[in-house]
Amino acid sequence: MAEQHRGCDLARLSAYRDGELDRVEQQKVRKHLQGCSSCRSALDEYARLGAGLQGGRVTPPRMLHRELRGRLESPRPRPWSVGALPGLAAAASVALVVWVVVGGPGSVPLAQHLGPAVPLGAEPGRVAVSSGSGVQALDDRVAARQRPVAADECAEPLPGVAVALAQLPEVRTGLGCATDAARVLSLVSQTFERGSLLRRGDTREVYAITEDGRWRLYADPGPSAQAVSLSDAGGRLELGNWFRPVWSVRPDLRPMLGQVVESQQQLHGLVQPYEGGLALWDAGGRVYLLLDGGSFLRYLDDRATVRSQGAASEGF
Amino acid sequence: MQVRTLTSLASAQPAAAPAEQSFEQAFHDYQAGLYGYLLRMIGNSDDAYDLALASFEKAYRSWSRAPSGNELKPWLYRIATNTCIDELRRRKLVRWLSLDGFLQLFHPSQVSLENPEREVVRNEQSALIRSAMEQLPERYRACLLLRECEGLSCEEIGEVLGMTRGAVKITLFRARERLRKVYREMGGDPLDG
């Protein structure tokens, strides 16, 4: 949200910086700046931010020309997918700041999404369960988590979560302490244009985690649900078999999630309840923190030392 | 030994080069700027290299449609921007932030205010500003970089991003305000003079 100083127009100031004002407007702005320290400060800040972006001179690697020539000599055009180029695959370990804080059209500070747990009975807009028993089961779990937990009752958090709890006050506030030990479970996940689906093998529930910053919960109707066409999810990849039942009974998932981007993945993982939500960790080191307020965080626990203890008893 | 140039490769491609400028000349004129722009957009040199390669290859394949004169630069940057944004969006879906990156995001490197070395403070500020940039939507990021680092006019940025000049002006304003906000929320110190 733009700061609004009385009588000031920061948008015009921005245009002034870009030389987009006519001569008359420029003079007006210059005159205004003479008497407005706030706007002078804002203009200076724009300039400093611009300077900070520039950094030093950048020189491309010399082999760029040679490699380009080699490619252009290739008899067949190469696909445009950057992922097909060497280097990116090797750089897969490079961390990028993507979609850590809740998604949507832009970044949103973490603090805004760690609100208090939604009280039972309120309309959280976060839960959509397709069966009555699922609603009751979920409410029971939420109620259980909302019991105040004495400090000495806190369970040992998952290592990948413990680090975040220890170092980030916002996570500590939102998630609270672990209310039970972590348990092994089977997880199935699939990524779409605008989010992901996660299926828990222990509870047979499906989480939809979406770019709007919310997570939603669905009960898996099971294989008896009407089968969907494999092309219903669109795109070149198939909708995973574990998600076809819920997809068939929840037509809202398609517009919410968009097309399939990655194939379905089946992994073992760990789940742990917290005062303020739930932590899911899969054997790939991916951590999901699902907060009762309806928001989520996710990151890759590349320090993972916890491994699945073996085959999950819950099965799929 | 005959040295093949990029221009000589035109025989491998039915597209004819614009009369005013050969592709090789354009490559040499714009490779540094384009690479730097992509580096600031994508955040690391390996990926910037791959994106630059892909962008120039695409430009070469479309060289018959390349404009001439002052319109060539926005055309090249448009190709690069689209390539980069497509990749950023793809990664948004399938790439994960490491735990260290996650922690760093919310606790950026702390600069001791007692450190008398202003250059260190400035470098830290620049790093924080670039980190803050990564929180901006791709279009905001592209607008700011094209304006502040590549020196494109609002009209040229509009050509790159497929926007009107007025829309570019508004986007630049919103991008600057968002960047200021994120920078402060990440713990950025007041930008010193």
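Refer to the preceding data block for the structure.
Residues numbered from 1 in each chain as written. Chains lettered and ligands numbered in written order. Predicted model: local features only at pLDDT ≥ 70, side-chain atom pairs only at ≥ 80, totals over all residues. Heavy atoms only, no water.

A. View of the overall build of chain B. When helices and strands are counted, chain B shows eight helices and zero strands. For chain B, the N- to C-terminal ordering of α and β elements is α-α-α-α-α-α-α-α. Put simply, 69% of the contacts in chain B that link residues at least 6 apart link residues at least 24 apart. For chain B, the exposed surface amounts to about 8,400 Å²; the carbon and sulfur share of it is 47%. (Helix = DSSP H or I, 4+ residues; strand = E, 2+ residues; numbered from the N terminus. Contact = heavy atoms within 4.5 Å. Areas by Shrake-Rupley, 256 points an atom, 1.4 Å probe, with all protein chains shown as cover.)

B. Quick peek at the state of the cysteines. Residues and elements named next belong to chain A. Evaluation of the coordinates by the stated rule reveals one disulfide over all chains. The residue that forms a disulfide with Cys 154 is Cys 177, at a sulfur-sulfur distance of 2.2 Å. Measuring the twist about the S-S bond at about -85°, one finds the Cys 154-Cys 177 disulfide to be left-handed. Placement of the pair is Cys 154 in the loop between helix H5 (132–146) and helix H6 (159–167) and Cys 177 in the loop between helix H7 (169–175) and strand S1 (183–192), with a sequence separation of 23 residues. Taking the relative accessible area as the measure of exposure, Cys 154 reaches 31% and is therefore partly exposed. With no disulfide of its own, Cys 36 lies closest to Cys 8 among cysteine sulfurs, the gap being 3.5 Å. (Disulfide = S-S within 2.5 Å. Buried < 20%, exposed > 50% of the residue type's maximum accessible area, 1.4 Å probe, protein only.)

C. Seen up close, the packing of helix H6 (residues 138–148) of chain B against helix H7 (residues 154–161) of chain B. Residues and elements named next belong to chain B. Between H6 and H7, whose axes approach to 10 Å, the crossing angle comes to 140°. When the axis of H6 is compared with that of H7, the two are oblique. Two packed elements cross with a definite hand, and for H6 against H7 that hand is right-handed. Where H6 abuts H7, its residues Arg 139, Ala 142, Cys 143, Leu 146 and Arg 147 lie against Ile 157, Val 160 and Leu 161. Broken down by class, the residue content of the contact of H6 with H7 amounts to six nonpolar, no polar and two charged. (Axes fitted to C-alpha atoms, helices over the stretch in contact; angles between N-to-C directions. Parallel < 35°, antiparallel > 145°, perpendicular 65-115°, else oblique. Left-handed = near helix turned anticlockwise from the far one by under 90°. Nonpolar A, V, L, I, M, F, W, Y, C, P; charged D, E, K, R; others polar.)

By themselves these figures say nothing about function.
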